Amino acid sequence: MKAILSRLFNHEELSSEETKQILLNITKEMYPEVQIAALLTAFQMRGITVDELIGFREALMQTRIPIDFAPYRPIDIVGTGGDGKNTFNISTCACFVVAGAGYKVAKHGNYGATSVSGASNVIEQHGVRFSNDPDRLKRSMEECNIAYLHAQLFNPA
């Protein structure tokens, strides 16, 4: 990781294979948290290239835990994070409205990182226990028109 960080500090670009391997190694806890923080800071400061993003995506796709909701044809409602305007969690509210209108909804989210309240904060406060059990999620989809997918349970990377 030290060599990668040196390259990033020198504004060098990484290949998609390098970023894929970095994220896979992070999931295997091969790097200290301080190095991961430095990596994220470097990308935040200089931006990320398309090839680097492709590598991270490939690692996410390789490590994901898939759930097949195809028979339900759900609407996927995902927020973009905090809007900086101190608004309520609009995407989470929208998923309840859409499910209440009779449409199937797959809501994917996490705890707030760029705002006070992420989807997981809201859902958890309503007493929902997160699960990645396909049978439980499909039952939720059938009975409530909605299944909540807590990001950390589906995207280990």
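Residues numbered from 1 in each chain as written. Predicted model: local features only at pLDDT ≥ 70, side-chain atom pairs only at ≥ 80, totals over all residues. Heavy atoms only, no water.

Chemist: Help me get a handle on the overall build of the protein, residues and values and all.
Modeler: Helices and strands together make up the secondary structure of the protein, namely eight helices and three strands. When the helices and strands of the protein are listed from N to C terminus, the series reads α-α-α-α-β-α-β-α-α-β-α. Looking at the protein as a whole, 34% of its 157 residues qualify as buried. A sequence separation of at least 24 residues applies to 68% of the contacts in the protein between residues at least 6 apart. For the protein, the accessible surface area stands at approximately 9,900 Å², while carbon and sulfur atoms represent 55% of it. The average position of the 15 basic charges and that of the 17 acidic charges among the side chains of the protein differ by 4 Å. (Helix = DSSP H or I, 4+ residues; strand = E, 2+ residues; numbered from the N terminus. Buried < 20%, exposed > 50% of the residue type's maximum accessible area, 1.4 Å probe, protein only. Contact = heavy atoms within 4.5 Å. Areas by Shrake-Rupley, 256 points an atom, 1.4 Å probe, with all protein chains shown as cover. Lys, Arg positive; Asp, Glu negative; His and termini not counted. Charge placed at Lys NZ, Arg CZ, Asp CG, Glu CD.)

Chemist: Account for the environment of alanine 99, naming residues and giving values.
Modeler: Counting through the fold element by element, alanine 99 comes out in helix H5 (residues 90–100). Using a relative accessible area of 7% as the deciding quantity, one classes alanine 99 as buried. For the pair formed by alanine 99 and alanine 113, sequence separation is 14 residues and the distance between their alpha carbons is 25 Å. Not counting the four nearest positions on each side in its chain, alanine 99 is found in contact with Val105, Cys144, Asn145 and Ile146.

Chemist: Can you lay out the sheet that holds strand E1 (residues 75–77) for me, pointing to particular residues and giving the numbers?
Modeler: On the basis of which strands lie adjacent, the open sheet formed by three strands has the order E1-E2-E3 and parallel pairing. Where the open sheet ends on each side, the last strands, each with one partner, are E1 and strand E3 (146–150). Across the sheet, the axes of successive neighbouring strands diverge by a mean angle of 20°, strand direction being ignored. Sheet topology note: the E1/strand E2 (residues 105–109) ladder contains three bridges and is parallel. (Pairing = 2+ DSSP bridges. Axes fitted to C-alpha atoms, helices over the stretch in contact; angles between N-to-C directions.)

Chemist: Which residues make up the nonpolar core, and what values go with them?
Modeler: In this structure, Met1, Ile4, Leu8, Leu14, Ile22, Leu39 and Phe43 are the most contacted members of the largest nonpolar core, which totals 15 residues. If you list the elements that add at least two residues to this core, you get helix H1 (2–9), helix H2 (16–27), helix H3 (33–46) and helix H4 (50–63). Broken down by element, this core gets its largest block of residues, four residues, from H3. Contacts of methionine 1, omitting those with residues within four sequence positions, involve Ile22, Tyr31, Gln35 and Leu39. If you look at the next biggest cluster of nonpolar residues, it comprises nine residues, including Ile67, Leu137, Met141 and Phe154. (Core = buried A, V, L, I, M, F, W, Y, C linked by side-chain atoms within 4.5 Å.)

Chemist: An account of the packing of aromatic side chains is needed here, citing residue identities and associated values.
Modeler: Enumeration according to the criterion identifies four aromatic pairs in this entry. Taking 5.6 Å as the distance between ring centres and 85° as the angle between the ring planes, the aromatic pair formed by phenylalanine 43 and phenylalanine 56 counts as edge-to-face. With phenylalanine 43 in helix H3 and phenylalanine 56 in helix H4, this residue pair connects regions lying 13 residues apart in the sequence. Note on phenylalanine 43: relative accessible area 10%, which makes it buried. The class of phenylalanine 56 is buried, set by a relative accessible area of 15%. Taken together, a centroid distance of 6.3 Å and an interplanar angle of 65° make the contact between tyrosine 111 and phenylalanine 130 edge-to-face. Taken together, the positions of tyrosine 111 in the loop between E2 and helix H6 (119–125) and phenylalanine 130 in the loop between H6 and helix H7 (134–144) put the pair 19 residues apart, joining distant regions of the chain. With relative accessibility at 30%, the residue tyrosine 111 sits in the partly exposed group. A connected cluster of aromatic rings, assembled from ring pairs, spans Tyr111, Phe130 and Tyr148. (Phe/Tyr/Trp six-rings, centres within 6.5 Å; stacked < 30°, edge-to-face > 60°.)

Chemist: Summarise H5; cite the residues concerned and give the values.
Modeler: All of the buried residues along H5 are Ser91, Thr92, Cys95 and Ala99. Looking straight down H5, one finds that the buried residues subtend no more than 105° of arc, so they occupy a single side. Within H5, the exposed residues directed more than 90 degrees away from the buried face are Val97 and Gly100. Just downstream of H5 lies glycine 102, where phi reads positive at about 100°. (Arc of directions from axis to C-beta.)

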